[in-house]
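# A structural walkthrough
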Amino acid sequence: MFDRVVIIGVGLIGGSLGLALRRRSLARRVVGVDKNPENLRLAMESGAVHETTCDPAGAVRGSELVVIATPVGETTSVLKQLRNYLSFGAVVTDVGSTKVEVCTRAAEMMPPGTWFVGGHPMAGSEYSGMAGADPYLFENAFYIITPFPDTPARAVERVKLLAAGVGARVVQMTPEQHDRAVAAVSHVPHLVAAALVNTLVEMPGGEDFLPLGAGGFRDTTRVAAGNPLMWRDIFLSNRGAVIEVLACFRRELERLERAISDRREEEILTLLEQASRVRKKIPARMRGYLGSMFEIVVGIPDRPGMIAGIAGLLGEAGINISDIEILRVREGEGGSIRLAFATAAGQEEAVRILRQAGYQVVKR
Ligand SMILES: NC(=O)c1ccc[n+]([C@@H]2O[C@H](COP(=O)([O-])OP(=O)(O)OC[C@H]3O[C@@H](n4cnc5c(N)ncnc54)[C@H](O)[C@@H]3O)[C@@H](O)[C@H]2O)c1
Ligand SMILES: O=C(O)C(=O)C[C@]1(C(=O)O)C=C[C@@H](O)C=C1
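No experiment lies behind these values; they were computed from the predicted model shown. (Residues numbered from 1 in each chain as written. Chains lettered and ligands numbered in written order. Predicted model: local features only at pLDDT ≥ 70, side-chain atom pairs only at ≥ 80, totals over all residues. Heavy atoms only, no water.)

Here the focus is the site of ligand 1. What surrounds ligand 1 is a group of 28 residues, the closest being Asp34, Asn39, Thr70, Ser97 and Gly129. Taking Ser97, its side chain carries an N or O atom lying 2.6 Å from an oxygen atom of ligand 1. A distance of 3.2 Å separates an oxygen atom of ligand 1 from a polar backbone atom of Ser125. Computed on the free molecule, ligand 1 has an accessible area of 820 Å², of which 90% lies beneath the protein chains in the complex. Per-class residue counts for the shell around ligand 1 are twelve nonpolar, 13 polar and three charged. When residues of the shell around ligand 1 are assigned to domains, at least three fall in each of domain 1 (2-173) and domain 2 (178-281). (Near = heavy atom within 4 Å. Polar contact = N/O pair within 3.5 Å; in protein donor to acceptor, adjacent residues only side chain to side chain. Areas by Shrake-Rupley, 256 points an atom, 1.4 Å probe, with all protein chains shown as cover. Nonpolar A, V, L, I, M, F, W, Y, C, P; charged D, E, K, R; others polar. Domains from an automatic or database assignment.)

In structure tokens, the structure reads:
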């Protein structure tokens, strides 16, 4: 258990860390620091922290772990404000989405007897601020840590303890490996999503097409709704790797463009087949941050108490619903809901019970 953890930036990620630390009783005292009074108020109100302050230097005295959870453009200036007030043996970590620039500068700034260990939970959302925080955000997510070869093992262990403590799976890599990998799986995808949305804006009458976007446009552009300031900092901080991956992406796009314009059927098919095969390797049953799940879709009439009825039937049989989502609603007609279970046996039993009760059930 940690004695005193200080979280600087109680927004989406810092706030979620506070909630997870408190829920799992991992720290005797969690202190929230932010320059935004509203996020501090919400952090206190939701129980993410025990106390709040807007003074980072005062907060870090006597703390063995300090987490900087601000946008990456702020990390080193926050560190500069507090470094001379750190207790001997203190470890500072961050949650930023880029690592090379921040970790290199931070390591140079640390006073003797204190250490910086970079961290990055691969979990988040398009929301921002304490209002978007979630105590379960990190469960089963990968949490990358990027120590340098000379970082003492006990400092690394402290950050691993934090990551594993909030339910994440710890992965260790170098800052360079990290920045290259996330440029490909997170940063360039974000740019592409933003460019797709801006494409509509640039097309005459394009914004009128928005309501027609069914699953495809929604799924490929969800992240474009994210916090522009946070993403600006990420692109500037990881510009080398982002530009490298972007060049690769541009070549892929041009290959597809040429194949379509020259009507090369075989090539179009080959490129799409390769993408389909590789995309399917992302575990089909992995949703959000829950582990494997076994799903069913239930059609329900538009009547009060239908969801309660289904939950009641399953509850009476001792079947736990791990996840629930309303997929479609048709006013006056009904809709369909997705239910997920942790085991195949739970799924089978739920199908049996609900069909017996007259529901239309499809197993996924
Ligand atoms: N949002 C995601 O999906 C996600 C996922 C993983 C990592 N990250 C990283 O986590 C970090 C935080 O992102 P977020 O989504 O929680 O952002 P956020 O905007 O929700 O929260 C950031 C918080 O930091 C505060 N802040 C900013 N500058 C500050 C300063 N100088 N001193 C004190 N407080 C300050 C803000 O007021 C805000 O409360 C970023 O570095 C981001 O790259 C984000
Ligand atoms: O929006 C989401 O679902 C995210 O998980 C956000 C996401 C990502 O691109 O995967 C965004 C930035 C982070 O550094 C880590 C996670």
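Turning our eyes to something else, we now look at the site of ligand 2. Not every one of the eleven residues close to ligand 2 is listed here, only the nearest: Ser97, His120, Ser125, Ser186 and Arg222. One of the side-chain N or O atoms of Ser97 is found 2.7 Å from an oxygen atom in ligand 2. Burial of ligand 2 by the protein amounts to 82% of the accessible area it has alone, namely 380 Å². Counted by class, the shell around ligand 2 contains four nonpolar, five polar and two charged residues.

This part takes up the pattern of salt bridges. Under the criterion given, the structure shown has 22 salt bridges. Taking the shortest distance from any N to any O, the salt bridge between Arg23 and Glu139 comes out at 2.9 Å. Of this pair, Arg23 sits in helix H1 (residues 12-23) while Glu139 is found in the loop between strand E6 (115-121) and strand E7 (142-146), placing the two residues 116 residues apart along the sequence. Look at Glu139 and you get partly exposed, because its relative accessible area is 22%. Linking Arg41 and Glu38 is a salt bridge whose minimum nitrogen-to-oxygen distance equals 2.9 Å. Taken together, the residues span about one helical turn, with Arg41 and Glu38 both in helix H2 (residues 37-46) at a distance of three residues. A relative accessible area of 42% means that Arg41 is categorised as partly exposed. Looking at Glu38, the relative accessible area reads 39%, which means it is partly exposed. If you follow the salt bridges from partner to partner, you end up with Glu295, Asp323, Glu325, Arg338 and Arg364 in one network. (Salt bridge = Lys/Arg side-chain N within 4 Å of Asp/Glu carboxyl O. Helix = DSSP H or I, 4+ residues; strand = E, 2+ residues; numbered from the N terminus. Buried < 20%, exposed > 50% of the residue type's maximum accessible area, 1.4 Å probe, protein only.)

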